[in-house]
Amino acid sequence: MLRYRALGWLATRDDVEPAEVSAPFDESATGFVTGEGAAVLVLESLDHALARGVRIHAELAGYGAANDAYDFMRPHPEGRGLARAVSRCLDRSGLTMEETPAVFAPANGVPAFDRAVASALDRVLPPGASRPPITATRSVLGHTHAASAALDCVAAVSAIHDSRLPPTINLRRPIADLPFVAGEALETDVPAALVAAYGFGGHAAALVLRRYAG
Amino acid sequence: MKRRVAITGLGVVSPLGNGAAKYWDGLTHGRSGVGQIGRYDASGLPVHIAAEVRGFALTDYSDAPVVFEADGERVTLDLRTQYALAAAEMAVRAAGLERAEEWADADLYFGAGEGDNDLALLSRLLTPFSCPEPGCDVPRLLARSDAGHFALHDQLMEPTAPASLLAARYGIEGEVTTCLTACAASAQAVGEAMRRIQAGECDLALTGGAHAMTGPLDVLGFAMLSALSSRNDAPARASRPFDRHRDGFVLGEGAGALVLEEWSHARRRGAAVYAELVGYGTANDAYRVTDMEPEARGAAAAIARALDDAAVGPERIGYINAHGTSTLENDRAETAALHRALGDAARTIPVSSTKSMTGHAVAAAGALELIAVVLALRDQVVPPTINLETRDPECDLDYVPNAARAHAFDTALSNSFGFGGQNVSLIVRRDRP
């Protein structure tokens, strides 16, 4: 806490309720709220799972990783590493046009970071009407750091299953013109989900999860 | 069909000297890098010997800034990161790639652990907040003028800092990953980078590892675990793998860096190839955090997987660089693993532990030892296990005692086993003209 506070990354607002402080993608955000947790997934080859006859929660269809190669203490202003990781991931995921994935974005409330994420997503996601909905679970969970992308993967599996995207709460004045899932959960078919992760040090990774249709 | 992987650059920071040539000279002459700890007053510690890097200045090897600046704060980089920057620069220059734009598409896999903490800074910051009241007065701590300095220092201690700084320095925008598998970390990093090239994910990778676990808390911690040799009065004789009178390992430090390239990529640009990386195997003991599985099943599995990966039989292995820490447990278990994985061939293959000279550089050890193997292949000379005076009766292999040996061989194995049961084996082949 001391480190994050002294580096200016921790949200400092005391004029709102604690639950309203974590505001990724919002103009009012002043930093992240630190969180904690763990999420674990079991992966199997499809044949292995079919042979066991187990329930398949989703298919992991793509992965890409990259680095900003920019600065240890701040993200590249246009999210260069994240854009590259997402592009690599989408290129490899073999999704069809009908499977445009909903996006679990790594925005955490640190203004420079959120702008980098928004810039990267704006560049690499399809334009216009086919632009997918974007949500940031760190608004609800806080920033669980090394656990965050795994937690988003579990959320993505549930979103695909339930056809419902969790909201980005506390998002009233978006920093970018993107189709955010603001305020309330969105009831929508989620054939696939993109989980994007972006760490200090410029580390970026992206995963695509897809509904398993047999 | 797997793509072939060439080693085209090497860089070394070690207690035997910096640069591959000095390192190799020390290894082949059987010199010990172990001495009394000189960087701080260690006289009050139960163990006060280590293999320290001496006379190191980053500016001798790289124009990378030794001070990191952000938001008006200036923090001197920890030794681990300085060693990483120096070794990487040597490797990149050796490969002739210091200005190559193709680093943008390269990958970086690096083995590391936490940085070596600035204890003076830490104690200055925390002293007013120590007992009698437990806990910490955060507002008061934050009000201090050096809180920002401490925060930046703390951030730079992150295990991922060396890889991030290397990525920024060379413009490596591909996959940049830090391997944290303790004593096996840099061997794992090399293996993972190799797999990426084999699979066609990249044509060029920077890899290796750096660590400097020679500070007072490191020495004290490992001493309390009874893992270290307490031969304080005879430092050069303290690291004695496979010797009957060994009593633990000696902490070391340093960095090893390698440039890996897809074979035709290296050939096309006319790069000199040191050796070919042909096998990688990794397996876990799934046993206990601080002990090796007594029958060394995980270690044997890693060796067997590396042989499978390289598609070579045990009889093709001409030299083994052992993990060989000089602990009672490791050296017996590793010997058992070699018997288990290699069968009858184990009896005739020279096996040496260069940790007898370098001490144990923890996350940097695997890369440093792989570099020793590459140089051994080049010169057809096997480095010795020094201080091997009376062989442990339960260690019954040819450990190349005390003197380097001329030896004709073309394929070699390097073992790295980590706390946590993490086992990695790598196989290298001589690039025949």
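Residues numbered from 1 in each chain as written. Chains lettered and ligands numbered in written order. Predicted model: local features only at pLDDT ≥ 70, side-chain atom pairs only at ≥ 80, totals over all residues. Heavy atoms only, no water.

**Some details on the overall build of chain A**
And then number 1: Looking only at helices and strands, chain A has six helices and seven strands in total.
And then number 2: Helices and strands in chain A line up, N terminus first, as α-α-β-α-β-α-β-α-α-β-β-β-β.
And then number 3: For 214 residues, the compact-globule estimate of 2.2 N^0.38 gives 17 Å, and chain A sits close to it at 17 Å.
And then number 4: Each principal axis of the C-alpha distribution contributes one length, and for chain A these read about 55 × 35 × 35 Å.
And then number 5: Expressed as a percentage of the 214 residues in chain A, the buried residues total 49%.
And then number 6: For chain A, restricting intrachain contacts to residue pairs at least 6 apart in sequence, the fraction spanning at least 24 positions comes to 73%.
And then number 7: Within the structure as shown, chain A displays about 9,600 Å² of accessible surface, and the carbon and sulfur contribution to it stands at 53%. (Helix = DSSP H or I, 4+ residues; strand = E, 2+ residues; numbered from the N terminus. Rg over C-alpha atoms; globule rule 2.2 N^0.38 Å. Buried < 20%, exposed > 50% of the residue type's maximum accessible area, 1.4 Å probe, protein only. Contact = heavy atoms within 4.5 Å. Areas by Shrake-Rupley, 256 points an atom, 1.4 Å probe, with all protein chains shown as cover.)

**Some thoughts on the overall build of chain B**
And then number 1: Scanning chain B for helices and strands turns up 13 helices and 17 strands.
And then number 2: In summary, chain B has a C-alpha radius of gyration of 21 Å against a globular reference of 22 Å for 433 residues, a match within 12%.
And then number 3: If you line up chain B on its principal axes, its C-alpha atoms span 65 × 50 × 40 Å.
And then number 4: Every one of the 433 residues in chain B was classed for burial, and the buried ones make up 62%.
And then number 5: Summed over all atoms, the accessible surface of chain B reaches about 15,700 Å², with 51% contributed by carbon and sulfur.

**So, the interface of chain A and chain B**
And then number 1: On the side of chain B, 32 residues touch chain A, which itself brings 24 residues to the contact.
And then number 2: Where chain A abuts chain B, roughly 2,300 Å² becomes buried across the two surfaces, and 58% of that area is made up of carbon and sulfur atoms.
And then number 3: Contact with chain B buries surface across chain A, with A:L2, A:R3 and A:F72 losing the most and accounting together for 32% of the total.
And then number 4: Counting across the chain A and chain B interface gives seven salt bridges.
And then number 5: In this structure, B:E201 engages A:R92 in a salt bridge whose closest nitrogen and oxygen atoms are separated by 2.7 Å.
And then number 6: In this structure, the connection of chain A to chain B is made through 13 residue pairs in polar contact (both at pLDDT 80 or more).
And then number 7: When contributions to the side of chain A that touches chain B are tallied by element, the ones reaching two or more residues are helix 1 (2-6), strand 1 (59-67) and helix 3 (80-93) of chain A.
And then number 8: Among the residues making up the side of chain A that touches chain B, the classes are represented as twelve nonpolar, three polar and nine charged. (Buried area = accessible area lost by both parts, 1.4 Å probe. Salt bridge = Lys/Arg side-chain N within 4 Å of Asp/Glu carboxyl O. Polar contact = N/O pair within 3.5 Å; in protein donor to acceptor, adjacent residues only side chain to side chain. Nonpolar A, V, L, I, M, F, W, Y, C, P; charged D, E, K, R; others polar.)

**A closer look at a nonpolar patch on the surface**
Residue and element names in this part refer to chain A.
And then number 1: Together, L41, L43, L60 and V154 make up an exposed nonpolar region whose accessible area comes to about 350 Å².
And then number 2: Relative to the assigned elements, L41 resides in the loop between helix 1 and helix 2 (46-52).
And then number 3: Taking relative accessible area as the criterion, L41 reaches 38% and is therefore assigned partly exposed. (Patch = residues over 30% accessible without salt bridge, like charges linked within 9 Å, V, L, I, M, F, W, Y side chains within 5 Å.)

**Considerations on the pattern of salt bridges**
If charged atoms from side chains of opposite charge come close, those side chains can pair.
And then number 1: Counted according to the given criterion, the structure contains 48 salt bridges over all chains.
And then number 2: For A:E44, the salt bridge identified is with A:R52, shortest N-O distance 2.6 Å.
And then number 3: The exposure class of A:E44 is partly exposed, given its relative accessible area of 30%.
And then number 4: Linking B:R31 and B:D25 is a salt bridge whose minimum nitrogen-to-oxygen distance equals 2.5 Å.

**Re the side chain of A:R210**
All names here are of chain A.
And then number 1: Assignment of secondary structure puts R210 in strand 7 (residues 203-210).
And then number 2: One polar contact links R210 to E99, side chain to side chain, over a distance of 3.3 Å.
And then number 3: In contact with R210, other than residues within four places in its own chain, are A58, E59, A61, S93, G94, L95, E99, I160, P191 and A192.

**A few points about helix 6 (residues 161-170) of chain B**
Residues and elements named next belong to chain B.
And then number 1: Helix 6 sits mainly inside the fold: eight of its ten residues count as buried.
And then number 2: Within the sequence span of helix 6, burial applies to A161, P162, A163, S164, L165, L166, A167 and Y170.
And then number 3: G171 sits one or two positions beyond helix 6 and adopts a positive phi of about 70°.

**Observations regarding the pairing of strand 11 (residues 275-284) of chain B**
All names here are of chain B.
And then number 1: Burial analysis of strand 11 places nine of its ten residues in the buried class, which makes it a mostly covered element.
And then number 2: Pairing analysis gives three bridges linking strand 1 (residues 5-14) to strand 11, with the strands arranged antiparallel. By the bridge assignment, I7 is partnered in strand 11 with A275.
And then number 3: Strand direction decides the pairing type here: strand 11 and strand 17 (residues 422-430), joined by nine bridges, are antiparallel. Of the residues in strand 17, the one forming a bridge with G279 is I427. (Pairing = 2+ DSSP bridges.)

**What about the packing of aromatic side chains?**
And then number 1: Across all of its chains, the model carries 14 aromatic pairs over all chains by this definition.
And then number 2: Here the aromatic rings of A:Y4 and A:F32 are separated by 5.1 Å at their centres, their planes lie at 75°, and the arrangement is edge-to-face. Highlighted residues: A:Y4 in helix 1 and A:F32 in the loop between helix 1 and helix 2, separated in sequence by 28 residues. The burial state of A:Y4 is the same as that of A:F32; both residues are buried.
And then number 3: Each ring, one from B:F222 and one from B:F249, has its centre 5.4 Å from the other, and the planes form 70°; the classification is edge-to-face. On the criterion of sequence distance, the pair formed by B:F222 in helix 8 (residues 216-224) and B:F249 in the loop between helix 8 and strand 10 (253-262) is long-range, its members being 27 residues apart.
And then number 4: Note on B:F222: relative accessible area 12%, which makes it buried.
And then number 5: You can call B:F249 buried: its relative accessible area is 5%.
And then number 6: Through pairs of rings, three or more aromatic residues link up here, namely A:Y4, A:W9, A:F32, A:F113, A:Y198 and A:F200. (Phe/Tyr/Trp six-rings, centres within 6.5 Å; stacked < 30°, edge-to-face > 60°.)

**Some remarks on the nonpolar core**
And then number 1: Judged by nonpolar contacts, the single largest core of 82 residues is most densely connected at A:F25 and B:W103.
And then number 2: Excluding residues that lie within four positions of it along the chain, B:W103 makes contacts with B:V92, B:L97, B:Y170, B:G171, B:I172, B:E173, B:L204, B:A205, B:L206 and B:V259. (Core = buried A, V, L, I, M, F, W, Y, C linked by side-chain atoms within 4.5 Å.)

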